[in-house]
Structure formats: structure tokens, C-alpha cells
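# Structural features, examined
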Amino acid sequence: MRIGVIGGGAWGTALAQVAAHGDRDVLLWAREAEVVASVNADHRNHLFLSDIDLSPTIRATGDLADLAACDALLVVAPAQHVGAVLAATPVGTRPLVLCAKGIEAGSRRLVGEVARAVHPQAPIAVLSGPTFAHEVARGLPTAVTLACEDDVLRTALSERLAAPHFRPYASSDVTGAEIGGAVKNVLAIGCGVVEGAGLGQNARAALIARGFAEMTRFGLARGARAETLAGLSGLGDLVLTCSSTSSRNFSLGVGLGRGEAATALLADRRTVAEGAFTAPVLRQAAAEAGVDMPVCDAVCHLLEGAAVSDVIGTLLARPLREEGV
Ligand SMILES: NC(=O)c1ccc[n+]([C@@H]2O[C@H](COP(=O)([O-])OP(=O)(O)OC[C@H]3O[C@@H](n4cnc5c(N)ncnc54)[C@H](O)[C@@H]3O)[C@@H](O)[C@H]2O)c1
Ligand SMILES: O=P(O)(O)OC[C@H](O)CO
């Protein structure tokens, strides 16, 4: 199975490195000509993953048409751009493995729903979990959820992408795998705010636990399974992203917590903090589904410029309630 990767950011490049394990050929599509040039000439991605020596069996292209030579495509463009990039990609019946984490603005569709609309003939899988790209690319041990409704394809993809340091766990719950990844980015911004504002470790743990309850409520309402949300792509990724400044979402929150404006923090950035785009869409989607998500709402208010003390005060002053989802 020859793998093509759509997206030459940090995660697309790290996944290309995983797929190239054992000297297998991988084709990486990158939007930036300088990424294509540096991967092909130096086996490095100077723009997005600069300190990693890449396998020489990874070849980069700037032409989406070249992906017609691949058997399966990993989709690693940011969530807001997946629809446009896929519309320009020759897909047909090739499996699409969705690796972006987010919800599309406007349509409020998960990435899988976007992909199905653009390429209805293509089987869909989702690869998601606690995965900082720079750790995966360095060969540090990592486990992910690989979700696909088709058993045969799920097994084939798992076997093709598994490597000694990279262990996929199979699931048939595509929606659950997607929702965990999308919601955790929003919650990670909140945990970063806790850090930046110096609110303490207790507050961070409370936010992770109550945030997980929100992820579960929303996921169950959208048809996800509870065990998927409690797995690698849900709770696992939530814990990772809420604990480290290696996370772009957490770091964005740290800035907000220090009183910096979201507009300034997001201006001119080359890398993506998906939670900033997902938060307002998630608020709409949750309202539509009748699901209460006060922590995610609080993150929206903070991104809109509300003062940290006001937002935290409002969260804590809500009527007392029973614990549980
Ligand atoms: N970096 C990680 O550790 C990591 C891990 C797991 C999942 N992800 C997810 O992977 C996805 C891609 O993130 P990343 O970290 O590889 O990106 P990145 O932040 O390293 O780079 C930004 C990417 O956005 C692309 N881009 C910018 N404008 C675009 C446009 N108009 N059309 C198409 N592409 C455009 C760039 O070409 C580049 O590939 C995100 O959904 C992210 O949440 C990232
Ligand atoms: O840097 P972040 O916040 O986009 O997180 C990267 C990955 O999603 C972690 O699993």
C-alpha cells in the first residue's frame, strides 16, 4: 500500500516519517514550495519540523495530481482547509485517513463529514491520539486510535502504519475518534489560560475532569461511544494537550491567561492552533444538540477578549450540581 500524505506541516511530515519506516516510498504533498524543495534536497522540513532528519524514501511534491499514484491518502491539512484541498485531489475510491482535528466553520461538519461530501466513493478512517509531531518524528513511543467501520481496511491500514515505536489501536467508532480530537483542542486552550493566569494545578485538574465530562456529553449526543472518548483519541489526547507548552493550543491559552489578546496571539502565525477555530463552531454545534458545555463556552469568551477573572468567576458561580456526565 503506497501512502500519500496531504499536508506538509509538522504532523503530515511526522506521519510521512512513520509511513516511510522500513524504507518504504511515501509521497508528501506540501503547499509551500520551500517545504517541497527542502524535503527533496535535504530530507528536512525546514519550515515546520526543522530538526528532524527525514527518511530519503519520502519524496515531496507541490502537485496534488501526483497523489493519483498512491493507494491510500493521509489527510493532514488543517481542518478548515480539508474541504478545499480534497476537492482538488484525485481520490476516487482510495481510502482517506483523516488526521486533522477540528470542526469546519460555517457547516459545523466534522472532518469526516466534509470528506464524505467531497468524495462519497472513498472509504474513511480516522487516525487520532496523543501525538506531538516532534516526538513521533524522533521515534519516541506513541499509541493512537485508528478508527474505520470496514474491518478489512482497518486491519490493512493498522498493519501498514504500525512501526516499532508507533502502535495503532483499532476502533470502528469514527465519530468518537473525531470528536475527542476536536474538543480537546478547545479544552487545552482553557488549561493554558489556567497556567498563564497562575490559577494553580487544582484548577487545571478540575478543568480536565469537567472538560472530559463535556466532551463525553457532546460525543454521546453525536453518536460517539463512551469507550472511544475515554481512550487514546479522547481522554489520552486531552491529558497530553492540557499538560504541555509543546501544545500550540495550550500555549495560546497561556498567552490569553497572561492578558494578551487572541488577535495578537493568532496574527501572522504559520502554525495552526485548531482550538481557536473549533471553539466558536463547537459552541454552535453544542447549542444545536442541546448540550451544555460551560468550559468550552468560557474558552470562547476568552478568545473574544473577556477578562480571565470575569470568566473564571462566572464558571465558579454557576448553580451547584451533581457530578457525572
Ligand atoms: N503538530 C502536531 O503535533 C499534530 C499532532 C496531531 C494532529 N495534528 C493536527 O494535524 C493538522 C495539521 O497540523 P500540523 O501541525 O501538521 O500543521 P502546522 O501547524 O505544522 O503547519 C500548518 C499547516 O497548515 C497548512 N496550511 C496553511 N494554510 C493553508 C491553506 N490555505 N490550505 C491548506 N493548507 C494550509 C500549511 O501548509 C501547513 O501544512 C491539524 O488539524 C492539527 O490539529 C497536529
Ligand atoms: O499542538 P497542538 O495543541 O495542536 O496538539 C498537537 C496534537 O494534537 C497532540 O495530540
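Everything quoted here is computed from the prediction, not taken from an experiment.

### A look at the pairing of strand β6 (residues 124–128)
Each regular strand shows side chains that alternate between the opposite faces of the sheet. Of all five residues making up β6, five are buried, and the element is well covered by its neighbours. Side chains Ile124, Val126 and Ser128 project from β6 onto one buried face, and the interleaved Ala125 and Leu127 project onto a second face that is buried too. Regarding topology, helix α4 (residues 111–118) serves as the crossover connection from strand β5 (residues 96–98) to the parallel β6, and that connection is right-handed. In terms of strand pairing, β6 meets strand β7 (residues 142–148) through four bridges, oriented antiparallel. Note on β7: the bridge partner recorded for alanine 125 is cysteine 148.

### Looking at the environment of arginine 2
Locating arginine 2 in the fold gives a position in the segment before β1 (3–6). Taking the C-alpha atoms as reference points, arginine 2 and cysteine 148, separated by 146 residues in sequence, lie 19 Å from one another. Not counting chain neighbours up to four residues away, the residues in contact with arginine 2 comprise Asp25, Leu27, Ala69, Cys70, Asp71 and Ala72.

### Topic: the site of ligand 1
In the vicinity of ligand 1, 23 residues are found, and the nearest of them are Ala10, Trp11, Glu32, Ala133 and Glu274. Glutamate 274 is positioned such that a nitrogen or oxygen atom in its side chain is 2.5 Å from an oxygen atom of ligand 1. Protein burial of ligand 1: of its 820 Å² of free accessible surface, 88% is covered by the chains. A majority-of-atoms criterion places ligand 1 in the largest pocket. Per-element accounting of the shell around ligand 1 gives the leading share, three residues, to helix α1 (residues 10–19). Classifying every residue of the shell around ligand 1 gives 11 nonpolar, six polar and six charged. Both domains that meet at the shell around ligand 1, namely domain 1 (3–172) and domain 2 (175–316), each give it at least three residues.

### Side note on the nonpolar core
Ranked by size, the top nonpolar core spans 44 residues in total, and within it Val183, Phe218, Leu282, Met293 and Leu303 carry the most contacts. Breaking this core down by element, the ones donating at least two residues are α7 (174–196), α8 (201–221), α11 (248–257), α13 (274–289), α14 (294–303) and α15 (308–316). By residue number, the principal contributor to this core is α7, which donates 10 residues. Setting aside residues no more than four positions away along its own chain, methionine 293 makes contact with Val183, Glu214, Met215, Arg217, Phe218, Leu282 and Ala286.

### Examining the side chain of serine 38
As for its placement among the helices and strands, serine 38 is situated in helix α2 (residues 33–42). Note on serine 38: relative accessible area 7%, which makes it buried. Non-local contacts of serine 38, meaning those with residues more than four positions away in its chain, are made with His43, Arg44, Asn45 and His46.

### Description of the site of ligand 2
Taken together, 13 residues lie around ligand 2, and Lys184, Asp237, Ser247, Arg248 and Asn249 are the ones closest in. In isolation ligand 2 has 310 Å² of accessible area, and contact with the protein removes 92% of it. Judged by the proximity of its atoms to the pocket grid, ligand 2 belongs to the largest pocket. Where the shell around ligand 2 is concerned, the elements lending two or more residues are α10 (232–241) and α11. Sorting elements by how many residues they give to the shell around ligand 2 places α10 first, with three residues. For the shell around ligand 2, the class distribution of residues is three nonpolar, six polar and four charged. Two domains share the shell around ligand 2, each providing at least three of its residues, namely domain 1 (3–172) and domain 2 (175–316).

### Things to note about the UniProt feature "binding site: NADPH" (unreviewed entry) in the protein
Those places that UniProt annotates as "binding site: NADPH" (unreviewed entry) correspond, in this numbering, to Trp11, Arg31, Lys101, Ala133, Arg248, Val272 and Glu274. In the annotated group above, the largest pocket draws its lining from Trp11, Arg31, Lys101, Ala133, Arg248, Val272 and Glu274. Within the secondary structure layout, alanine 133 lies in helix α5 (residues 133–137). Take alanine 133: its relative accessible area is 12%, and that puts it in the buried class. If we skip the residues at most four places from it in the chain, alanine 133 touches Ala10, Trp11, Ala14 and Leu49. Within the element layout of this structure, valine 272 appears in the loop between α12 (262–266) and α13. With residues near it in sequence (within four places) discarded, valine 272 still touches Pro78, Arg248 and Phe277.

Cut-offs and rules
- Residues numbered from 1 in each chain as written.
- Chains lettered and ligands numbered in written order.
- Predicted model: local features only at pLDDT ≥ 70, side-chain atom pairs only at ≥ 80, totals over all residues.
- Heavy atoms only, no water.
- Buried < 20%, exposed > 50% of the residue type's maximum accessible area, 1.4 Å probe, protein only.
- Helix = DSSP H or I, 4+ residues; strand = E, 2+ residues; numbered from the N terminus.
- Right-handed = clockwise from strand over helix to strand, strands pointing away.
- Pairing = 2+ DSSP bridges.
- Contact = heavy atoms within 4.5 Å.
- Near = heavy atom within 4 Å.
- Polar contact = N/O pair within 3.5 Å; in protein donor to acceptor, adjacent residues only side chain to side chain.
- Areas by Shrake-Rupley, 256 points an atom, 1.4 Å probe, with all protein chains shown as cover.
- 1 Å grid on protein atoms, 1.4 Å probe; cavity = no way out; pocket = protein on both sides within 12 Å on 5 of 7 lines; lining within 4 Å.
- Sits in = over half its atoms within 2 Å of the grid points.
- Nonpolar A, V, L, I, M, F, W, Y, C, P; charged D, E, K, R; others polar.
- Domains from an automatic or database assignment.
- Core = buried A, V, L, I, M, F, W, Y, C linked by side-chain atoms within 4.5 Å.
- UniProt positions renumbered as here; feature names shortened; annotations may be inferred.

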